Amino acid sequence: MKLLEDKIRTEGVVKNGDILKVDSFLNHQMDAGLFRAMAREWKRRFDGLGVNKILTIEASGIGLACIAAEEFGCRAVFAKKSSGSNMDAEVYSTKITSFTKGKVFDVIVSKRFLGPEDRVLILDDFLANGCALEGLMDLVNQAGATLVGCGIAIEKGFQEGGARIRKKGVKLESLAVIVSMSGGEIVFREDGT
Ligand code: 5GP
């Protein structure tokens, strides 16, 4: 998606070779106009598939999920990183290893907000090794809900997550796919949108 790629080119900063900082518009300060354009693009790519719930993970996915939920005309729910104290029968829980922090989190969603009637679109800001997406897919599975697909803002295509998740047959739509960031130069996979 050209608009997002242009933003990454002008404001993104490569750190330690494989981390892209986009905190001026995506995951600290947020550009709601860009989020709206991204949400419309996900709506176009997942149109007609009956999405009735958006699932993301705190914190970076929340802004994107909210605006996307408005486009899809449904509600957004975010998985919470839990200290373990509320790991009871009322929640689905899974474990996610954070790529950026290197820590394992217990992640929960209340059983009140995800169930067999839900047709779920999972959204997140980044896809790297795929741990966050696979954790969210596990929660959808535990709930007996239907996974419609996954939408990602920025996929780092040089890491393994995207290939592994697509191999499972999941419809995975990333709005910008980076094939290389070596030497700080960001190269995108062409997608024509
Ligand atoms: P994964 O679980 O796919 O390895 O990593 C995805 C998660 O790690 C995302 O939710 C995102 O918060 C974080 N992440 C992974 N790579 C990057 C990156 O290059 N930059 C930033 N800002 N976050 C990242």
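Above this text sits the structure in question.
Residues numbered from 1 in each chain as written. Predicted model: local features only at pLDDT ≥ 70, side-chain atom pairs only at ≥ 80, totals over all residues. Heavy atoms only, no water.

### Considerations on helix α2 (residues 32–45)
Note the following rule: What counts as a helix is a DSSP run of H or I of at least four residues, what counts as a strand is a run of E of at least two, and both are numbered from the N terminus. For a helix, the expected span equals 1.5 Å multiplied by the number of residues minus one. Each residue's exposure class comes from its accessible area (1.4 Å probe, protein chains only) as a fraction of the maximum for that residue type: buried when under 20%, exposed when over 50%, partly exposed otherwise. This arc describes the spread of directions from the helix axis toward the C-beta atoms. Contact criterion: two residues are considered in contact whenever any of their non-hydrogen atoms come within 4.5 Å of each other.
In this model, α2 (14 residues) spans 20 Å end to end at C-alpha, consistent with the 20 Å of a helix rising 1.5 Å per residue. Burial in α2 covers these residues: Leu34, Phe35, Met38, Ala39, Glu41, Trp42 and Arg45. Mapping the buried residues of α2 onto a view down its axis gives an arc of 160°, with all of them on the same face. Opposite its buried face, α2 presents the exposed residues Gly33, Arg40 and Arg44, each directed more than 90 degrees away. Looking at the buried side of α2, the elements it contacts are α1 (2–11), α3 (61–72), β7 (119–127), β8 (146–156) and β9 (172–180).

### Quick look at the pairing of strand β4 (residues 75–82)
Spelled out, the test is: Any two strands are treated as partners once DSSP identifies two or more bridges connecting them. Handedness is read with the strands pointing away from the viewer; a crossover is right-handed when the path from the first strand over the helix to the second is clockwise.
Strand direction decides the pairing type here: strand β3 (residues 53–57) and β4, joined by five bridges, are parallel. When the sheet's bridge partners are listed, Lys53 is paired in β4 with Arg75. In this view, the connection linking β3 to its parallel neighbour β4 by way of α3 has right-handed handedness. Note that β4 and strand β6 (residues 104–110) share three bridges and pair antiparallel. In the sheet register, Ser82 faces β6, and the bridge partner there is Asp106.

### Remarks on the packing of α1 against α2
The criterion, for reference: Between the N-to-C directions of two axes lies an angle of 0 to 180 degrees, each axis being a line fitted to C-alpha atoms and, for a helix, fitted only over the stretch in contact. Think of it as three bins: nonpolar holds Ala, Val, Leu, Ile, Met, Phe, Trp, Tyr, Cys and Pro, charged holds Asp, Glu, Lys and Arg, and polar takes everything else, Gly as well.
Contact geometry of α1 with α2 gives a least axis separation of 10 Å together with a crossing angle of 145°. Contacts between α1 and α2 involve Leu3, Leu4 and Lys7 on the former and, on the latter, Leu34, Ala37 and Met38. The residue makeup of the contact of α1 with α2, split by class, is five nonpolar, no polar and one charged.

### Remarks on the packing of aromatic side chains
Rules: Each Phe, Tyr or Trp ring, with Trp reduced to its six-membered ring, pairs with another whose centre is within 6.5 Å; inter-plane angles below 30 degrees give stacked pairs, above 60 give edge-to-face pairs, and intermediate values give tilted ones. Note on geometry: a ring has a charge over it if NZ (lysine) or CZ (arginine) is within 6 Å of the ring centre and within 35 degrees of the ring normal.
Scanning the model with the defined rule gives zero aromatic pairs in all. Taking NZ or CZ as reference, Lys43 lies 5.7 Å from the ring centre of Phe72, over its face. Note that Lys171 overlies the ring of Phe46, its terminal NZ or CZ placed 5.1 Å from the centroid.

### Considerations on the site of the ligand
What counts here: To be near a molecule or strand, a residue needs just one of its heavy atoms within 4 Å of it. Pairs of N or O atoms are called polar contacts if they sit within 3.5 Å, as long as, within protein, a hydrogen donor faces a hydrogen acceptor (for residues adjacent in sequence, only side-chain-to-side-chain pairs). Accessible areas in this description were obtained via Shrake-Rupley with a 1.4 Å probe; residue shielding takes into account the shown protein chains only. Lining residues are defined by having an atom within 4 Å of a point belonging to a cavity or pocket. Those points lie on a 1 Å grid over the protein atoms alone, cavities being sets where a 1.4 Å probe fits but cannot get out and pockets being open sets with protein on both sides within 12 Å along at least five of seven lines. Pocket or cavity membership: a molecule qualifies when more than half of its atoms sit within 2 Å of the grid points of that site.
Of all residues adjacent to the ligand, which total 16 residues, the nearest are Leu20, Ala128, Asn129, Gly130 and Lys156. Measuring from a nitrogen atom of the ligand, one finds a side-chain N or O atom of Asn27 at 3.3 Å. At 2.8 Å from an oxygen atom of the ligand is found a main-chain nitrogen or oxygen belonging to Ala128. For the ligand, the accessible surface in isolation is 510 Å², of which the surrounding protein chains cover 88%. At a threshold of 2 Å from the grid points, most atoms of the ligand map onto the largest pocket. Looking at the shell around the ligand, the elements with two or more residues in it are β2 (19–21), β7 and α4 (131–142). Here the shell around the ligand gets four residues from one element, more than from any other, and that element is β7. Classifying every residue of the shell around the ligand by side-chain character gives eight nonpolar, four polar and four charged.

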